[in-house]
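Single-letter residue listing:
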Number of protein chains: 2
Amino acid sequence: MTTRRTRLSPEERRTQLLDLGAHLFATRSVEEISIDVLAEEAGVSRGLLYHYFGNKSDFREAVIRHAVEDLVAQTAPPAEGEPVERLLASLGVYVDYVLANLTLYRSLVRAAAGGTDEVLALYEEGRAALTDRIFREDAQGEILVDTPRTRLVVRGWSAMTEEMVLSWAEDPAGMTREELLGVLALSLPALVELTP
Amino acid sequence: MTTRRTRLSPEERRTQLLDLGAHLFATRSVEEISIDVLAEEAGVSRGLLYHYFGNKSDFREAVIRHAVEDLVAQTAPPAEGEPVERLLASLGVYVDYVLANLTLYRSLVRAAAGGTDEVLALYEEGRAALTDRIFREDAQGEILVDTPRTRLVVRGWSAMTEEMVLSWAEDPAGMTREELLGVLALSLPALVELTP
């Protein structure tokens, strides 16, 4: 083993700082995330953080954007398989992500609804990315065809999924992870079926 | 016609002031609701408002509570009919209420998610009242039986309904009011059907 310090590129260093920032969510709400808090908790110099992120609100937004992109990337469905199976796999990662990052996720949802326009915009971007992917991954229209009506239904289904996963994480209501995933994955085609 | 002024009881007067307060939502967010604003816009004396409501945050909470109770009362389903028909009737009033009070409703949802614990508690109380009523009105279990699992599903369905109605009010996506109501009313039994 060498003890040589790894030299990071500016981009890698920035990503590392954003990862550290995202971890602050474990115990703090969005409003409490700041350069000063990260400097103190992670032992990073304030000067370095200001160098990378400019100011407090830019830093907070960069951390949230990083967390949202991470969620979208992690929940990418597998390349192969039937549409419903791939939706199920993607939902499984989503549920595990929410469980592993419950404070971050609840804090983001809360901040998005009641927070600044910038935070709301980041949250909506993340939601749009997840929604677009459902239509893109199902280009043959096996689950749903891309119309304004099915877009409205997918929006409702997303809100239901978010609410059910957050509620289930706090109180499983006697439902196993697999049963929850089954209800969520099957409900999307069922809802589309009901749409005129 | 007489020109005699009607003498209101203290309770009627208080309700009248809360109605006036709720109307402020038409152009203002929850945070902007205050005794001073109501006094100025409705030409009511500040002294009278402080007499009835104590302080600013008590006044804001009383206005929100009044709006939530009004929504719950207005959306009471008809006493007679099949469970799905009564759900449909109740949903119809809900959709019309959201359309007629769009700023108030959006502001309430936003304030509940990102606001103080008191506002969140009022919003949750309203939601619980609507949810409990679904189970109470369907005591024979024709649509759903009251279990922790169906409670979780109804919570998800409520979030979906709220999201779809708010989105539809902004952009109907080619769906008529009746089509929207049909999707919402039929989706509840469909979701319960999928629940193991």
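The rules behind each value
- Here the residue numbers are simple positions, counted from 1 along each chain's written sequence.
- Lettering for chains starts from A, numbering for ligands starts from 1, and both go in the order in which the items are written.
- Where local features are concerned, this predicted model is filtered to residues with pLDDT of at least 70; where side-chain atom pairs are given and counted, the filter is 80 or more; whole-chain, interface and lining totals use all residues.
- Side-chain figures throughout are based on the complete set of non-hydrogen atoms in the structure, without hydrogens or water.
- Runs of E in the DSSP output that reach at least two residues are strands. Runs of H or I that reach at least four are helices, and both are numbered from the N terminus.
- Burial classes follow relative accessibility: with a 1.4 Å probe on protein chains only, a residue under 20% of its type's maximum area counts as buried, one over 50% as exposed, and anything between as partly exposed.
- Contact criterion: two residues are considered in contact whenever any of their non-hydrogen atoms come within 4.5 Å of each other.
- Surface accessibility in these figures is a Shrake-Rupley result with a 1.4 Å probe; residues are shielded only by whichever protein chains are displayed.
- We count Lys and Arg on the positive side and Asp and Glu on the negative side, and we leave His and both chain ends out.
- A charge is said to be at NZ when it belongs to Lys, at CZ for Arg, at CG for Asp and at CD for Glu.
- UniProt positions are given in the numbering used here, feature names are shortened, and annotations may be inferred rather than shown by experiment.
- A pairing counts as a salt bridge when a side-chain nitrogen of Lys or Arg comes within 4 Å of a carboxyl oxygen of Asp or Glu.
- Least-squares superposition aligns the copies on the C-alpha atoms of those residues with pLDDT at or above 70 in both.
- Take the residue count of a helix, subtract one, and multiply by 1.5 Å to get its expected span.
- In protein, a polar contact means a hydrogen-donor-capable atom and an acceptor-capable atom, both N or O and within 3.5 Å, with residues adjacent in sequence counting only if both atoms are side-chain atoms; elsewhere, any N or O pair within 3.5 Å suffices.
- We define a nonpolar core as any set of buried Ala, Val, Leu, Ile, Met, Phe, Trp, Tyr and Cys residues linked to one another through side-chain atoms lying within 4.5 Å.
- All axes here are fitted lines through C-alpha atoms, helices being fitted over the stretch that makes contact, and every angle between N-to-C directions spans 0 to 180 degrees.
- An angle below 35 degrees is treated as roughly parallel, one above 145 as roughly antiparallel, one from 65 to 115 as roughly perpendicular, and anything else as oblique.
- Whether a crossing is left-handed or right-handed is set by the direction in which the near helix is turned from the far one by less than a right angle, anticlockwise for left-handed and clockwise for right-handed.
- Each residue is assigned to one class: nonpolar for Ala, Val, Leu, Ile, Met, Phe, Trp, Tyr, Cys and Pro, charged for Asp, Glu, Lys and Arg, and polar for all the others, Gly among them.
- All the domain ranges listed were derived from an automatic or database domain assignment.
- By buried area we mean how much accessible surface two parts lose on assembly, using a 1.4 Å probe and totalling the loss over both.

1. Quick notes on the overall build of chain A
Tallying secondary structure elements over chain A gives nine helices and zero strands in all. Going from N to C terminus, chain A has its helices and strands arranged as α-α-α-α-α-α-α-α-α. Expressed as a percentage of the 196 residues in chain A, the buried residues total 44%. When contacts within chain A are restricted to residue pairs at least 6 apart in sequence, long-range pairs at least 24 apart make up 64% of them. A total accessible area of about 10,100 Å² is found for chain A, and carbon and sulfur atoms account for 52% of it. Chain A carries 20 positive and 32 negative side-chain charges, and their two centres are separated by 8 Å.

2. Some words on the side chain of A:Thr131
Position of A:Thr131 relative to the elements: it lies in helix α7 (residues 117–137). Here A:Thr131 is in contact with A:Arg151, A:Val154 and A:Ser158, once residues within four sequence places are set aside.

3. Section: the UniProt feature "DNA-binding region" (unreviewed entry) in chain A
Per the UniProt annotation, the sites labelled "DNA-binding region" (unreviewed entry) are residues 34–53 of chain A. Structurally, residues 34–53 of chain A is divided into 80% helix and 0% strand, and its ends, taken at the C-alpha atoms, are 11 Å apart.

4. Some thoughts on the side chain of A:Glu162
Residue and element names in this part refer to chain A. Mapped onto the elements, Glu162 comes out in helix α8 (residues 148–170). Buried charge without a salt bridge: Glu162, with Arg127 as the nearest opposite-charge side chain at an N-O distance of 4.2 Å. Glu162 has contacts with Tyr94, Tyr105, Val109, Tyr123 and Arg127, leaving out every residue within four places of it along the chain.

5. Remarks on the relation of the copies chain A and chain B
When chain A is fitted onto chain B, the two copies agree to an RMSD of 0.0 Å after a turn of 180° and an axial shift of 0.0 Å. Such values leave the two copies arranged in the relation of a two-fold axis. A shared interface surface links the copies, since 100% of the contact residues of chain A are contact residues in chain B too.

6. Here we look at helix α4 (residues 56–74) of chain A
All names here are of chain A. When the terminal C-alpha atoms of α4 are compared, their 27 Å separation across 19 residues agrees well with the 27 Å that a helix rising 1.5 Å per residue should span. Every buried residue belonging to α4 is among Phe59, Ala62, Val63, Ile64, His66, Ala67, Val68, Leu71 and Val72, and all of these are buried. The N-terminus of α4 is capped by Asn55, whose side-chain oxygen sits 3.1 Å from the backbone nitrogen of Ser57.

7. A closer look at the pattern of salt bridges
In a structure, side chains of opposite charge can pair up when their charged atoms sit close to one another. Inspection of every chain in the model, using the stated rule, returns 25 salt bridges over all chains. A salt bridge links B:Arg155 to A:Glu163, with the nearest nitrogen and oxygen atoms 2.7 Å apart. Here B:Arg155 is found in helix α8 (residues 148–170), whereas its partner A:Glu163 is found in helix α8 on a different chain. By relative accessible area, B:Arg155 is classed as partly exposed at 30%. Of the residues examined, A:Glu163 reaches a relative accessible area of 17% and is grouped as buried. Through salt bridges with shared partners, a single network forms among A:Glu124, A:Arg127, A:Arg155 and B:Glu163.

8. A short note on the nonpolar core
Judged by nonpolar contacts, the single largest core of 118 residues is most densely connected at A:Leu188 and B:Leu188. In contact with A:Leu188, other than residues within four places in its own chain, are A:Leu87, A:Ile134, A:Ile143, A:Leu144, A:Val154 and A:Trp157.

9. Brief notes about the packing of helix α5 (residues 83–100) of chain B against α8(B)
All names here are of chain B. Between α5 and α8, the least distance of the axes is 10 Å, while the angle of their chain directions is 45°. Between α5 and α8, the angle is such that the two are oblique. The two elements α5 and α8 cross, and the hand of that crossing is right-handed. Taking contact as the criterion, the partners of Leu87, Leu91, Tyr94, Val95, Val98 and Leu99 in α5 are, on α8, Trp157, Thr161, Glu162, Val165, Leu166, Trp168 and Ala169. Per-class residue counts for the contact of α5 with α8 are eleven nonpolar, one polar and one charged.

10. Topic: the domain arrangement of chain A
Residue and element names in this part refer to chain A. Its domain assignment divides chain A into domain 1 (8–60) and domain 2 (75–194). Facing the eight residues of domain 1 at the interface are five residues of domain 2. For the pair domain 1 and domain 2, the summed buried surface comes to about 440 Å²; carbon and sulfur atoms form 70% of the total. Counting every contact that joins domain 1 to domain 2 gives zero salt bridges. Our count for the domain 1 to domain 2 interface comes out at zero residue pairs in polar contact (both at pLDDT 80 or more).

11. Looking at the packing of α8(B) against helix α9 (residues 177–194) of chain B
All names here are of chain B. With their axes 10 Å apart at the nearest point, α8 and α9 run at an angle of 165° to one another. As the angle between them shows, α8 and α9 are arranged roughly antiparallel. Crossing angle aside, the handedness with which α8 passes α9 is right-handed. Seen from α8, the contacting residues are Thr150, Val153, Val154, Trp157, Met160, Thr161, Met164, Val165 and Trp168; seen from α9, they are Arg177, Leu180, Val183, Leu184, Ser187, Leu188, Leu191 and Val192. The residue inventory of the contact of α8 with α9, partitioned by class, reads 13 nonpolar, three polar and one charged.

12. Quick look at the interface of chain A and chain B
The interface is formed by 32 residues belonging to chain A together with 32 residues belonging to chain B. Carbon and sulfur atoms make up 69% of the surface buried where chain A meets chain B, a total of about 2,800 Å² over both sides. By the criterion of area lost to chain B, the three top residues of chain A are A:Arg110, A:Leu152 and A:Leu194, representing 22% of everything that side buries. Between chain A and chain B we count six salt bridges in total. B:Arg149 is the partner of A:Glu179 in a salt bridge, and the nearest nitrogen-oxygen pair spans 2.9 Å. Summed over the shared surface of chain A and chain B, the number is eight residue pairs in polar contact (both at pLDDT 80 or more). Elements that contribute at least two residues to the side of chain A that touches chain B include exactly α6 (102–114), α7, α8 and α9 (177–194) of chain A. Sorting elements by how many residues they give to the side of chain A that touches chain B places α8(A) first, with 13 residues.

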